[in-house]
Amino acid sequence: MVSFNGRSIVSIRDMSHDDLIKVVETTKRVKHGELSGFLKGKTVATLFFEPSTRTRLSFESAVFKSGGSVFGIANPKASSQSKGESFADSIRTVSGYCDVLVIRHPVEGAARMASELSSTPVINAGDGANQHPTQTFLDLFTINESFGRLENLKIGMMGDLKYGRTVHSLAHALALFGNELTFISPPSLQMPENILKELDDRNVKYKSVADLEDAENCDLDILYVTRIQKERFGDPQEYEKVAGIYRITQETIRLLGEGIRVMHPLPRVDEIAEEIDSMPNAIYFTQAHNGIPTRQALLGLVTGGLD
Ligand code: CP
C-alpha cells in the first residue's frame, strides 16, 4: 500500500511506479471535484530562492483551494539570509512554522539537505539543474489525461537537456512506464551521461539527435519542448551559440505529424511560435493549469489529509 503521509518529495528517483500512479489517480479525483477541504488547519510555507511564476503561485492556489493557509518568501533578498543567516538555520526555523515546506533553490541538492534538516515534509520545487519532481507529476497527469495511458508512447524531449531539471525528472519517470524517448539537443546541451546510464540500466529505448528534422521519422506522440536557460550558462558566449536554435512553428507540426501534442514546462521565450497556441496540438497551458490539482493532491497526501 502506497503512503505519502509525512514523506518529503525530493526526487523522482525516490519514487516507485506505484507512487507515480497514486499521485496521478489522486490528482484526477481532485480535478474532478471528488475531494475537498483536506488541508483545513494545515499551513504551508513556500521558500523560493529562485524566480518562479507557475510553481509558486500554483502551490499557493492549491493551498487556498484545499482549505489551508500559506505564507512564504518569494524574494531571497527579503529573508534573513541576506543578513548572513545560514540556509540550514533558515530551514530549521521555518520548518517549525508550518506543516509542509516547499522550497526552490539554485543549488543542486538543496532540497535534499532541507529534507534532512526539516521537522516537517519538504517538497522540492526545483533545485538547480537537478530535479523538479512536482513538474513531473503534473506532466504525467497531463499525458495520462491526453492519451489515456502513460506507457507505449514515443516522446521527444527538445532543447536544454543538460541543465533542464524538468526533463531530468521526466526521463526518470517515463523510464518506469516503458516508453520510447528521443532526445533533441545541440551537442553542448545533451542529456547528462548519468541519466543515460540509468535509462540503459532500465533497458529504455532512446536515441539522441541534434536536429529536429532527424525526429521526423520517429512518429512522436509528444514533443516536450524546453527553454535554453540563459541563467544556467557560466559563459554568455556559450549561450549565444545555442540561443534560438530551435523554433516550433506550424510547419514543424506538419513535418512531425498532425497528431503530435506539444508540451512545455514554461516559461517559453521564442522556442514555440505563438501561432501554435490555438492549435489542438498545444497542451502547454492545460499542462500549467494542471499544476493546481497536482499540487493539491501532493499536499493532501504528504499531510495525511488524503490517503
Ligand atoms: N515550470 C516552472 O517551473 O515554471 P516557473 O519557473 O514559472 O515556476
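Treat the numbers as computed from the prediction; the structure is a model and nothing was measured. (Residues numbered from 1 in each chain as written. Predicted model: local features only at pLDDT ≥ 70, side-chain atom pairs only at ≥ 80, totals over all residues. Heavy atoms only, no water.)

Peer 1: Teacher, can you tell me more about the sheet that holds strand β4 (residues 122-127) here?
Peer 2: Hydrogen bonds along the backbone pair up the strands of a sheet, which may run parallel or antiparallel. With parallel pairing, the four strands of this open sheet are ordered in space as β2-β1-β3-β4. Bordering the open sheet on either side are β2 (69-73) and β4, each of which pairs with just one other strand. Within this sheet the neighbouring strands show an average axis-to-axis angle of 15°, counted without direction. Pairing analysis gives four bridges linking strand β3 (residues 100-105) to β4, with the strands arranged parallel. Each bridged residue has a counterpart across the sheet, and for isoleucine 103 the counterpart in β4 is asparagine 124. (Pairing = 2+ DSSP bridges. Helix = DSSP H or I, 4+ residues; strand = E, 2+ residues; numbered from the N terminus. Axes fitted to C-alpha atoms, helices over the stretch in contact; angles between N-to-C directions.)

Peer 1: Can you help me understand the site of the ligand in this one?
Peer 2: Close contacts around the ligand come from Ser52, Thr53, Arg54, Thr55, Arg104, His132, Gln135, Pro265 and Leu266, and that covers them all. Within the contact set of the ligand, an oxygen atom lies 2.8 Å away from a backbone nitrogen or oxygen of threonine 53. Contacts to the ligand include arginine 54, whose side-chain N or O atom sits 3.0 Å from an oxygen atom. Considered on its own, the ligand offers 260 Å² of accessible surface; in the complex 91% of this is hidden by protein. Among the residues forming the shell around the ligand, the class breakdown is two nonpolar, five polar and two charged. Each of domain 1 (12-131 + 291-303) and domain 2 (133-288) accounts for three or more of the residues forming the shell around the ligand. (Near = heavy atom within 4 Å. Polar contact = N/O pair within 3.5 Å; in protein donor to acceptor, adjacent residues only side chain to side chain. Areas by Shrake-Rupley, 256 points an atom, 1.4 Å probe, with all protein chains shown as cover. Nonpolar A, V, L, I, M, F, W, Y, C, P; charged D, E, K, R; others polar. Domains from an automatic or database assignment.)

Peer 1: Would you mind showing me how to read the pairing of strand β1 (residues 43-48) here?
Peer 2: When a strand is regular, its side chains alternate between the sheet's two faces. Buried residues dominate β1, accounting for five of its six residues. Chirality of the crossover, the property in question, places the unit of β1, helix α2 (residues 54-65) and β2 among those that are right-handed. Bridge count between β1 and β3: five bridges; the pairing is parallel. For valine 44, the partnering residue across the bridge sits in β3 and is valine 100. (Buried < 20%, exposed > 50% of the residue type's maximum accessible area, 1.4 Å probe, protein only. Right-handed = clockwise from strand over helix to strand, strands pointing away.)

Peer 1: Mind showing me how you'd approach the sheet that holds strand β7 (residues 205-209) here?
Peer 2: Taken together, the five strands give an open sheet; going across it, the order is β7-β6-β5-β8-β9, and neighbouring strands pair in parallel fashion. Strands at the two margins of the open sheet, each flanked by one partner only, are β7 and β9 (261-263). Going from strand to strand, the sheet's axes swing by 20° on average, the running direction of each strand aside. One ladder, built from four bridges, connects strand β5 (residues 154-158) with strand β8 (residues 222-225); its direction is parallel. In the strand pairing of β8, methionine 157 is matched with tyrosine 224.

Peer 1: Would you mind going over the packing of aromatic side chains with me for this structure?
Peer 2: According to the stated counting rule, one finds five aromatic pairs in the structure shown. Among the aromatic residues, those joined into a ring-pair cluster are Tyr163, Phe233 and Tyr239. (Phe/Tyr/Trp six-rings, centres within 6.5 Å; stacked < 30°, edge-to-face > 60°.)

Peer 1: How do you make sense of α2 when you look at a structure like this?
Peer 2: A turn of α-helix holds 3.6 residues, and therefore any two residues three or four places apart point the same way. Here α2 contains 12 residues, and its C-alpha end-to-end distance of 16 Å stays within 8% of the 16 Å for a straight helix at 1.5 Å per residue. If you check which residues of α2 are buried, you get Thr55, Arg56, Ser58, Phe59, Glu60, Ala62 and Val63. Here the buried face of α2 lies against β1, β2, β3, β4, α5 (133-147) and α11 (291-303). Positive phi appears at glycine 67, one or two residues downstream of α2, with a value of about 90°. (Expected span 1.5 Å × (residues − 1). Contact = heavy atoms within 4.5 Å.)

Peer 1: Explain the environment of glutamine 190 to me, please; I cannot follow it from the model alone.
Peer 2: Take glutamine 190: it is sitting in the loop between β6 (180-184) and α7 (193-201). Of the residues examined, glutamine 190 reaches a relative accessible area of 40% and is grouped as partly exposed. The residues touching glutamine 190, leaving out its near neighbours within four places in the chain, are Leu161, Lys162 and Ser185.

Peer 1: How do you make sense of the domain arrangement of the protein when you look at a structure like this?
Peer 2: Interface size, as often reported, equals the accessible area lost upon joining of the parts. When the domains of the protein are assigned, the result is domain 1 (12-131 + 291-303) and domain 2 (133-288). The interface of domain 1 with domain 2 comprises 30 residues on the first partner and 29 residues on the second. Roughly 2500 Å² of surface becomes buried between domain 1 and domain 2 when both sides are summed, with 63% attributable to carbon and sulfur atoms. Between domain 1 and domain 2 we count four salt bridges in total. Between glutamate 50 and arginine 165 there is a salt bridge, with the nearest N and O atoms lying 3.0 Å from each other. Taken together, the elements giving at least two residues each to the side of domain 1 that touches domain 2 come down to α1 (17-31), α2, β3, β4 and α11. In terms of residue count, the dominant contributor to the side of domain 1 that touches domain 2 is α1 (eight residues). Of the residues in the side of domain 1 that touches domain 2, the class split is 10 nonpolar, 12 polar and eight charged. (Buried area = accessible area lost by both parts, 1.4 Å probe. Salt bridge = Lys/Arg side-chain N within 4 Å of Asp/Glu carboxyl O.)

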